[in-house]
Amino acid sequence: MKQARILEHNTYLYLTEFFAGMSVMAVELGASRLLAPYFSSSQIVWTIIIGTIMIAMALGNIYGGRTADKNPDPDKLYKRMIVAAVWIAAIPVVGKYLILGISALLIFTVNGNFLILAAFSACMVIFVFPLFLLGTVTPSLVKYTVDSLEDNGKTVGMLNASNTIGSILGTFLPTFVTIPSVGTSITFLIFAGILLLLSILYFISAKGGGKSMLCGILLFLVCCLAGTSGSFAFWETDLTYEGESVYNYLQVREDENSVILSTNVLFGVQSVLKKDHSLTGMYYDYALAAPFMAGVYEKDRMDVLILGMGTGTFATQCRRYFPNVRMEGVEIDQKITDLARTYFELPEEIPVASYDGRAYLNVTDHKYDVIMVDAYQDITIPFQMSSLEFFQMVRARLKDDGVMVVNMNMRGMKEGNMNQYLADTISHVFDYIYTVDVTGSTNRELFASASPDMLEVMQDNMALTPDGSLMDLMNQTAENLKVYEPSGYLLTDDCAPVELLGMQVIDELIRDEVEYYRGIYEKKGLKGLLDMLL
């Protein structure tokens, strides 16, 4: 077999290994961003992504080694790389449709573990094949580069080093450069283009593979034209803003009454602004009971800290109703803070630190009257902000009569659910705990304090509020407050299975939501369901 001139030295093979390793990691990180708006970015989803990719790579290693032994032809490897490049380039075009299609199929056919099954199925369908092909690269290159047993250790070591260095760059570049600046879709296209270019250069040198190159280039160009929109919510036609940050998918939409921020394309509202500056009708309103419990009208100044600032719904409400409140916010995602200033009327004078909430408590020694913990999004609950040690830190940053309010956004019904674990953990730190369910949602607000007078203080201050609608809501909240009775559950830094607990609640919510539609599907089949929906 005649060898291409470009392979006469091992340098190009090392470059191939380098860029293959880079592309594998870039696809892995791109996979997490593609799935996150639909399935969250929890540890469960990451586990599925990593496990699926390892399956694909292992199978690719086996297949690549066997085919290289039988027919050590570099043409076959670089043709496989063209196929992998085209497949990766097609992910922005069809990936989101496949995710929704798979989810729609499973939601009516499974009774439990929906998140795991849907995410795993999506990964298998979308990512296994191209990464299987890239898994054939290393064993194939070993075959092409090892000429004798005398230096095979050195050669294999160089290949592995090239792959590892490429993987390192493939980890950092998407996270800190390409995804925040140009988005997930173009990130896939960039690394697909690199693989395609490597193969083209090889075939130009080998003076062959013309049909493979032409097909690869044409399909890649089609994907570039069709897959650069970057819209995860492709059915939405009038979004005010859609983009990505280092941490989140971000979506701002508005109507004649409200401006809403979501970090998930299918469900969830992270922040809302009412254009008439009225109450939102959501959990932010119920959380306003915390300043009353801390004696907002009895103090010249009240200090409030918000961990999980979002776009500042709670902060702007406090500012509207309590002129003596001084607020600080902590929001890890700077881009959300930028959106807050642009679309949600968050005043510049309200400081927002771009920090992790727990890390911020570590570096501040200030004492607050109210600390709001609003850092939980669907199943994405940071374990470090749900543990005993975290709530002990919150307690240390509260004044003696201070109040912590926690938004718990998944109200489960089963024994040992997520909210029960959280509330029980808080009961190990605070002596007085009350909860109230938010009407019309799955949210529950928890109020905790070391002061036995928090309810009496609330009643006294409610009588002083000049706003009638706020007074009515606080009366309703006070009537529905319940003393929390702990059951002994505990989350610690060492053991906090928040993802599994959250997944149980999501399964419960999904079952409740789709039960009606599942009945139609079981009786009349897919056609009957579509007829009803359309």
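Right, let's walk through the structure included here.

The rules behind these values
- Residues numbered from 1 in each chain as written.
- Predicted model: local features only at pLDDT ≥ 70, side-chain atom pairs only at ≥ 80, totals over all residues.
- Heavy atoms only, no water.
- Helix = DSSP H or I, 4+ residues; strand = E, 2+ residues; numbered from the N terminus.
- Buried < 20%, exposed > 50% of the residue type's maximum accessible area, 1.4 Å probe, protein only.
- Areas by Shrake-Rupley, 256 points an atom, 1.4 Å probe, with all protein chains shown as cover.
- Pairing = 2+ DSSP bridges.
- Axes fitted to C-alpha atoms, helices over the stretch in contact; angles between N-to-C directions.
- Contact = heavy atoms within 4.5 Å.
- Salt bridge = Lys/Arg side-chain N within 4 Å of Asp/Glu carboxyl O.
- Parallel < 35°, antiparallel > 145°, perpendicular 65-115°, else oblique.
- Left-handed = near helix turned anticlockwise from the far one by under 90°.
- Nonpolar A, V, L, I, M, F, W, Y, C, P; charged D, E, K, R; others polar.
- Patch = residues over 30% accessible without salt bridge, like charges linked within 9 Å, V, L, I, M, F, W, Y side chains within 5 Å.
- Lys, Arg positive; Asp, Glu negative; His and termini not counted.
- Charge placed at Lys NZ, Arg CZ, Asp CG, Glu CD.
- Polar contact = N/O pair within 3.5 Å; in protein donor to acceptor, adjacent residues only side chain to side chain.
- Core = buried A, V, L, I, M, F, W, Y, C linked by side-chain atoms within 4.5 Å.
- Phe/Tyr/Trp six-rings, centres within 6.5 Å; stacked < 30°, edge-to-face > 60°.

## With respect to the overall build of the protein chain
Alright, step 1. For the protein chain, the helix and strand inventory stands at 18 helices and twelve strands.
Alright, step 2. The burial tally for the protein chain puts 54% of its 534 residues in the buried class.
Alright, step 3. Summing over all exposed atoms, the protein chain offers an accessible surface of approximately 23,400 Å²; the carbon and sulfur share of this is 58%.

## Remarks on the sheet that holds strand 3 (residues 258-262)
Alright, step 1. Overall, antiparallel pairing links the four strands, which are arranged 1-2-3-4 in an open sheet. Each edge of the open sheet carries a strand with a single partner, namely strand 1 (241-244) and strand 4 (271-274). With strand direction ignored, the average angle separating the axes of adjacent strands in the sheet is 10 degrees.
Alright, step 2. Pairing geometry for strand 3 and strand 4, over four bridges, is antiparallel. Bridge assignment links Ser258 to a residue of strand 4, and that residue is Lys274.

## Regarding helix 14 (residues 388-396)
Given 3.6 residues per helical turn, the α-helix brings residues three or four places apart onto the same face.
Alright, step 1. Among the residues making up helix 14, those that are buried are Leu388, Phe390, Phe391, Met393 and Val394.
Alright, step 2. Here the buried face of helix 14 lies against strand 5 (302-307), helix 13 (357-363), strand 8 (368-373), strand 9 (398-408) and helix 15 (418-427).

## Quick notes on the pattern of salt bridges
Alright, step 1. Applying the stated criterion across every chain yields a total of 13 salt bridges.
Alright, step 2. When the shortest N-O distance is used, the salt bridge between Asp303 and Lys399 registers 3.8 Å. Of the two residues, Asp303 is situated in strand 5 and Lys399 in strand 9; the sequence distance between them amounts to 96 residues.
Alright, step 3. Members of the salt-bridge network, linked through shared partners, are Lys299, Arg301, Asp303, Asp369, Lys399 and Asp401.

## Re the packing of helix 7 (residues 184-206) against helix 8 (residues 210-226)
The description of two packed helices rests on the angle between their axes and on the distance between the axes.
Alright, step 1. At a minimum axis separation of 11 Å, helix 7 and helix 8 run at an interaxial angle of 165 degrees. Accordingly, the angle class assigned to the pair helix 7 and helix 8 is roughly antiparallel. Handedness of the helix 7/helix 8 crossing: left-handed. Of the residues in helix 8, those touching helix 7 at Leu189, Ala192, Gly193, Leu196, Ile200, Phe203 and Ile204 are Met213, Gly216, Ile217, Phe220, Cys223 and Cys224.
Alright, step 2. Of the residues belonging to the contact of helix 7 with helix 8, the class tally is eleven nonpolar, two polar and no charged.

## Details of the sheet that holds strand 10 (residues 432-437)
Alright, step 1. The sheet built from eight strands is open, its strands ordered 7-6-5-8-9-11-10-12 with mixed pairing. The two strands at the open ends of the sheet, each matched to only one other strand, are strand 7 (352-353) and strand 12 (482-483).
Alright, step 2. As judged from the two bridges shared by strand 10 and strand 12, these two strands associate in the antiparallel manner. Directly across from Tyr434, in strand 12, lies its bridge partner Val483.

## A short note on the environment of Thr342
Alright, step 1. With respect to the element layout, Thr342 can be found in helix 12 (residues 334-343).
Alright, step 2. Overall, Thr342 belongs to the exposed group, its relative accessible area being 56%.
Alright, step 3. In this structure the C-alpha to C-alpha distance between Thr342 and Thr311, which are 31 residues apart in sequence, comes to 9.6 Å.

## Considerations on a negative patch on the surface
Alright, step 1. Together, Glu298, Asp453, Glu456 and Asp460 line one region of the surface with negative charge.
Alright, step 2. By the secondary structure assignment, Asp460 is in helix 16 (residues 454-462).
Alright, step 3. Residue class for Asp460 comes out partly exposed when judged on its relative accessible area of 46%.

## A short note on the side chain of Asn324
Alright, step 1. Checked against the element boundaries, Asn324 lands in the loop between helix 11 (313-321) and strand 6 (325-330).
Alright, step 2. Overall, the relative accessible area of 19% leaves Asn324 in the buried class.
Alright, step 3. Within the structure, Asn324 has its side chain in polar contact with the backbone oxygen of Lys299 (distance 2.8 Å).
Alright, step 4. Those residues in contact with Asn324 that sit more than four places away from it in its chain are Val296, Lys299, Asp300, Arg301 and Met302.

## Some details on the packing of helix 1 (residues 11-39) against helix 7
Alright, step 1. Contact pair helix 1 / helix 7: the axes reach a minimum separation of 9 Å and the direction vectors enclose 160 degrees. The orientation of helix 1 with respect to helix 7, classified from their angle, is roughly antiparallel. Every pair of crossing elements has a handedness; the one defined by helix 1 and helix 7 is left-handed.
Alright, step 2. Across the contact of helix 1 with helix 7, the residue classes tally to 17 nonpolar, four polar and one charged.

## Describing a nonpolar patch on the surface
Alright, step 1. A grouping of Ile165, Ile168, Leu169, Phe172, Leu173, Phe176, Val177, Val246, Tyr247 and Ile332 is seen on the molecular surface, where their side chains present a nonpolar patch of about 880 Å² in accessible area.
Alright, step 2. Tracing the sequence through the fold places Tyr247 in the loop between strand 1 and strand 2 (249-254).
Alright, step 3. In this structure Tyr247 comes out as partly exposed when scored by relative accessible area, which is 44%.

## What to know about the nonpolar core
Alright, step 1. Core analysis: the largest hydrophobic core is formed by 59 residues, its most contacted members being Leu35, Phe39, Tyr78, Ile99, Phe127 and Leu131.
Alright, step 2. Among the secondary structure elements, those contributing two or more residues to this core are helix 1, helix 2 (43-70), helix 3 (74-107), helix 4 (114-135), helix 5 (137-145), helix 7 and helix 8.
Alright, step 3. If you look at the next biggest cluster of nonpolar residues, it comprises 45 residues, including Leu279, Tyr284, Tyr321 and Val403.

## Observations regarding the packing of aromatic side chains
Alright, step 1. Inspection of every chain in the model, using the stated rule, returns 16 aromatic pairs.
Alright, step 2. Taken together, a centroid distance of 6.3 Å and an interplanar angle of 35 degrees make the contact between Tyr12 and Tyr78 tilted. Residue Tyr12 is located in helix 1, and its partner Tyr78 is located in helix 3; the two are separated by 66 residues in the primary sequence. Pair check on accessibility: Tyr12 and Tyr78 agree, each one buried.
Alright, step 3. Aromatic pair Tyr355 and Tyr360: ring centres 6.3 Å apart, planes at 80 degrees, arrangement edge-to-face.
Alright, step 4. Note on Tyr355: relative accessible area 36%, which makes it partly exposed.
Alright, step 5. An aromatic cluster is built from Tyr12, Tyr78, Tyr202 and Phe203, whose rings are joined through pairwise contacts.

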